[in-house]
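# Tertiary structure, described
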Amino acid sequence: MPSNRPNNPARSKVTRMNADQNPDLNPRLSALASLIVLLLICPTISAQSPRNTEAEFDRFVKLADEARLAERFDDAISLYGQALKVKPKWAEGWWYIGAIFYQRDIYPQARDAFQNLVALEPERGPAWAMLGLCQFQTAEYEQSAIALQRARTLGVGDSSELAGVVRYHIALLYVRFEYFESAYDVLMEFVRLGHETPKVIEAFGLTMLRMPLLPKDIPSDQKEKILLAGRAGYNMAARHLDQARTAFDTLLSQYPNDANVHYAFGVYMLPQDADVAMKEFKRELEISPNHFPAMTQMAFEYLKRDQFNDALPLAEKAVQLAPKLYAARNVLGRVLLELGQVDRSIKELEEGVKLAPSSPEMHFALARAYTRAGRKEEAARERETFKKLQDEYNQKRQLDKSGSPPEQKP
Amino acid sequence: MKKLVKQYSLVAVASVLGLAAIAVVICDPSKVNGQMTAVQRWNPRRVPADTVFVGDQACGECHKKQFASHEQSGMTMAMEPIAGSVVLNDNPKLSMRVGPYTYEIKRNGKHSSYSVTDGKDTVSYPIVYAFGQGKMGQTYVLERDGKFYESLVSFYRESKSLDFTIGAPRGVPASLTDAVGRLLTANEVASCFSCHATGAVVSGTQLRLDKLTHGVRCEACHGPGGKHITAVKEGESPAKSIYNPGLLGGDELTQQFCASCHRSAEESRTLQDLHINNVRFQPYRIFQSKCYSDDRNISCIACHNPHEPLREDPAYYDKRCLECHSLRDKTAKVGGDGKSCPVADKNCTSCHMPKVEIPSAHFKFTDHYIRVVRPGEKYPS
């Protein structure tokens, strides 16, 4: 999991779940399964098989391909398996076996096949994607998140559908692990693509309400609230501010005392009317006294207003409650710097940088603190890191904007 | 708080015990700043609620030279009073047509009105605030039912006419209401007034328009002058009672103090999306330069005196470059130790800080990203 986003140190360990406890997600994957079937029966795929001079291997491959194309999948699995016994490093064989198992919803075996594949070809993005999706189904969520992230880093090839499925699942996993800000960022990609589907709205709802649940685990009495929050979140992300406001107004009137509702509305209001946002954060703290994200937001706002003494206790409490939340370290470090407590500020900001080494703002803040302390070389180094990270971020955004192929809706 | 007191006590003890340490503090202004308390610190956009400004005239009684030159500076003219508006006086009737809508800005004595008609209905508002000195142009803020709107069209000096405001949608508005302009959010209102006026916003967001002084005046940057005047009258050290941003370290001055209005590199994520329009944000741009550092020789005030009108002659800026860079003639007695330019010894900014035109602004801005600019090079946003 990335460390550059707020997380909750109090989060529970991953609970293992059985794949068949996960019916909500199976329809989600049906489109992907169709894609895999297409891949399996597509003759061009078999042309990608490496030529092998060993007669036995060739014979198994030929028979396996025939079985696969004839949709005799049990035979195909057996024959690919025999080919792999002859040549265990035959990557395409693992791909076919994994894909057949996946298509037949036999996820543990599919996972093992893709595991072998990524061991052979660690730079193969689609293999990591399939591995992550299998692990999602076998409820190995941490491993799934790692694999799906790796797939996104490497790229999943030309399949926009696979990209969409990976994106959706990584967003769900961020929600599951309480990396809500990261989930929001990923879901933003759906907004940019205009994919306003019920599943995306639902994922937005979980994110906005900071509910670390998978869709299958949503209690029925919470669904309406989540969808309402999701519509608010989607429209907020799409900058449809009036529609977002309408959804927020309904959400607030129907669930005025529910956790995270006021926080979500505060986040929406913050760029528009900081005073209103602050009232909402305060209300959230009345409902949820340990709401460290609200504390962090308020501390940042007080910092902006030079109300350092108001910011300090909130920032300190946020760090105490969520020591691994880099944003809390960031605001505490900045407040301390303004209060002249340079050494303590540096300590907090250095900790923040450790937690979020790829966060440009952390490096910027640390550069300022080093400058104030007269540590010129370290300040210059942090400024350079900030610049580098900003450039990388900018390049990635440009790619996201211009380079993404059109995708099917997840 | 106890800790803070303890920290300062330790500083006091250290200063008694170590003369060398004192020397360092005196020589390095950033060290001085490092010891500033929160009370002493000042930020133009973070005016506390209880702040009382004495006004420029009071400052001008002693600081005559700065007072006189600052009156003519772009800072002072960041907002024009409507009654004395040079732009509106010199251009008594401005009009523009967008689809079915006709805009008209009309002078009537000391007042100006902004009206839009679609041929059937007309809406007209008195212009209450004129943002900008008119060097590039001027945008208007209108008040309607207690809400503020940014005019859809602005005045541009180059063409002496109206055109769309920078950033405004350039299509045909959907309705007469939309045609007037954009409703400003509370944050935007606070942001506009806190950077273009003095004393208009306190506590970050609260408008105090009855106390507004047009433009960025002495106390916008130096903080309230009351205690300072009293201190001077009572024979106390005047420097301790007024904030002097000139003592800040280069990076803090540029990226925090000046950037509170002119936008810092930390806002890169937003600014990069503005593409060529971000050339207007100098602290952000200069931060990209290879030679950028905490050195005060590369800070805003190394080249600009905020108390004076902006200097336009390239020769003036050459001297600033030569604070660090050497001339090609190594025997010359001017110039620093830094690398010399292989091409020329003068007009440095013409090549290294080229002017970039923002078409929608009808104006060329100096790009503060100091670099070797190749012909035809794409604007590095």
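The model shown is predicted, which means the values in this text are computed figures rather than measured ones.

Calculation rules
- Residues numbered from 1 in each chain as written.
- Chains lettered and ligands numbered in written order.
- Predicted model: local features only at pLDDT ≥ 70, side-chain atom pairs only at ≥ 80, totals over all residues.
- Core = buried A, V, L, I, M, F, W, Y, C linked by C-beta atoms within 7 Å.
- Buried ≥ 20, exposed ≤ 12 C-beta atoms within 10 Å, placed from the backbone.
- Domains from an automatic or database assignment.
- Contact = placed C-beta atoms within 7 Å.
- Helix = DSSP H or I, 4+ residues; strand = E, 2+ residues; numbered from the N terminus.
- Pairing = 2+ DSSP bridges.
- Axes fitted to C-alpha atoms, helices over the stretch in contact; angles between N-to-C directions.
- Parallel < 35°, antiparallel > 145°, perpendicular 65-115°, else oblique.
- Left-handed = near helix turned anticlockwise from the far one by under 90°.
- Nonpolar A, V, L, I, M, F, W, Y, C, P; charged D, E, K, R; others polar.
- Expected span 1.5 Å × (residues − 1).
- pLDDT = per-residue confidence, 0-100.

Leu187, Ala299, Ala315 and Val335 of chain A are the most contacted members of the largest nonpolar core, which has 132 residues in total. Taken domain by domain, the makeup of this core includes at least three residues from each of domain 1 (19–218) and domain 2 (292–410) of chain A. Among residues more than four places away in sequence, those in contact with leucine 187 of chain A are Ala171, Val200, Ala203, Phe204, Thr207 and Ala237 of chain A. Ranked by size, the runner-up nonpolar core spans 38 residues in total, among them Met75, Val116, Tyr140 and Leu162 of chain B.

Residues and elements named next belong to chain A. Along the polypeptide, alanine 277 turns up in helix H15 (residues 274–287). For the pair formed by alanine 277 and phenylalanine 386, sequence separation is 109 residues and the distance between their alpha carbons is 29 Å. If we ignore the near neighbours within four places in the chain, the residues touching alanine 277 are Gly266, Met269 and Leu270.

What follows is about the sheet that holds strand S3 (residues 101–108) of chain B. Residues and elements named next belong to chain B. The antiparallel open sheet is built from four strands, whose spatial order is S2-S3-S4-S5. Across the chains shown, the open sheet's two edge strands, defined by having one partner strand only, are strand S2 (93–98) and strand S5 (122–126). Direction aside, neighbouring strands of the sheet carry axes that sit 15° apart on average. When S3 meets strand S4 (residues 111–117), the two strands line up antiparallel, connected through seven bridges. Among the inter-strand pairings, arginine 107 is bridged to a residue of S4, identified as serine 112.

In this assembly, 27 residues from chain A lie in contact with 27 residues from chain B. Listing elements by their share of the side of chain A that touches chain B, those giving two or more residues are H15, helix H20 (360–372) and helix H21 (376–402) of chain A. In terms of residues, the side of chain A that touches chain B owes the most to one element, H21 of chain A, which gives six residues.

This part is about the pairing of S3 of chain B. All names here are of chain B. Sheet topology note: the S2/S3 ladder contains six bridges and is antiparallel. From the neighbouring strand, arginine 97 faces S3, where its bridge partner is threonine 102. As consecutive antiparallel partners, S2 and S3 are separated by two residues, and within that stretch glycine 99 has a phi angle of approximately 55°, a positive value. Hairpin connection between S3 and S4: a loop of two residues separates the two successive antiparallel strands, and glycine 109 in this loop has a positive phi of roughly 65°.

A few words on the packing of helix H5 (residues 91–103) of chain A against helix H6 (residues 107–120) of chain A. Residue and element names in this part refer to chain A. Orientation of H5 relative to H6, taken along the N-to-C sense of each, is 160°, at an axis distance of 8 Å. In this view, H5 runs roughly antiparallel relative to H6, as classed from their interaxial angle. H6 is crossed by H5, and the crossing has left-handed handedness. Counted together, Ala91, Trp94, Trp95, Ile97, Gly98, Phe101 and Tyr102 of H5 and Tyr107, Gln109, Ala110, Ala113, Phe114, Asn116, Leu117 and Leu120 of H6 form the full contact between these two elements. Residues belonging to the contact of H5 with H6 are distributed by class as follows: twelve nonpolar, three polar and no charged.

Time to look at the packing of helix H9 (residues 160–176) of chain A against helix H10 (residues 180–193) of chain A. Residue and element names in this part refer to chain A. Their axes nearest at 8 Å, the elements H9 and H10 cross at an angle of 160°. In this view, H9 runs roughly antiparallel relative to H10, as classed from their interaxial angle. Viewed along their axes, H9 and H10 form a crossing whose handedness is left-handed. Contact with H9, carried on its side by Arg167, Ile170, Ala171, Tyr174 and Val175, involves Phe180, Ser182, Ala183, Val186, Leu187 and Glu189 of H10 and no other residues of that element. Each residue belonging to the contact of H9 with H10 can be placed in one class, and the counts come to eight nonpolar, one polar and two charged.

Attention now moves to the pairing of strand S17 (residues 363–366) of chain B. Here four bridges tie strand S16 (residues 355–358) of chain B to S17 of chain B, and the two strands are oriented antiparallel to one another. By the bridge assignment for S17 of chain B, lysine 355 of chain B is matched with threonine 366 of chain B.

Residues and elements named next belong to chain A. Compared with an ideal rise of 1.5 Å per residue, which puts 13 residues at 18 Å, helix H16 (residues 292–304) spans 18 Å between its outermost C-alpha atoms and is within 8% of the ideal. The element H16 is extensively covered by neighbouring structure, given that twelve of its 13 residues are classed as buried. For H16, the complete set of buried residues consists of Phe292, Pro293, Ala294, Met295, Thr296, Gln297, Met298, Ala299, Phe300, Glu301, Tyr302 and Leu303. Those residues of H16 that are buried are in contact with helix H14 (261–269), H15, helix H17 (308–321) and helix H18 (326–338). Aspartate 306 sits one or two positions beyond H16 and adopts a positive phi of about 65°.

Low pLDDT means the predicted coordinates in that region are not meant to be read closely. All names here are of chain A. In this model, chain A carries a mean pLDDT of 87, and residues with pLDDT of at least 70 account for 84%. Segment residues 41–48 is flagged for pLDDT under 50; beyond a separation of four residues in sequence, or across chains, it makes four contacts in the model. Below pLDDT 50 for its whole length, residues 403–410 participates in 20 contacts with residues either more than four positions away or in separate chains.

Residues and elements named next belong to chain B. At histidine 275, a position not held by glycine, the phi torsion is positive, near 50°. Locating histidine 275 in the fold gives a position in the loop between helix H12 (268–272) and helix H13 (282–287). The residue histidine 362 is not glycine, and still its phi comes out positive at about 55°. Within the element layout of this structure, histidine 362 appears in the loop between S16 and S17.

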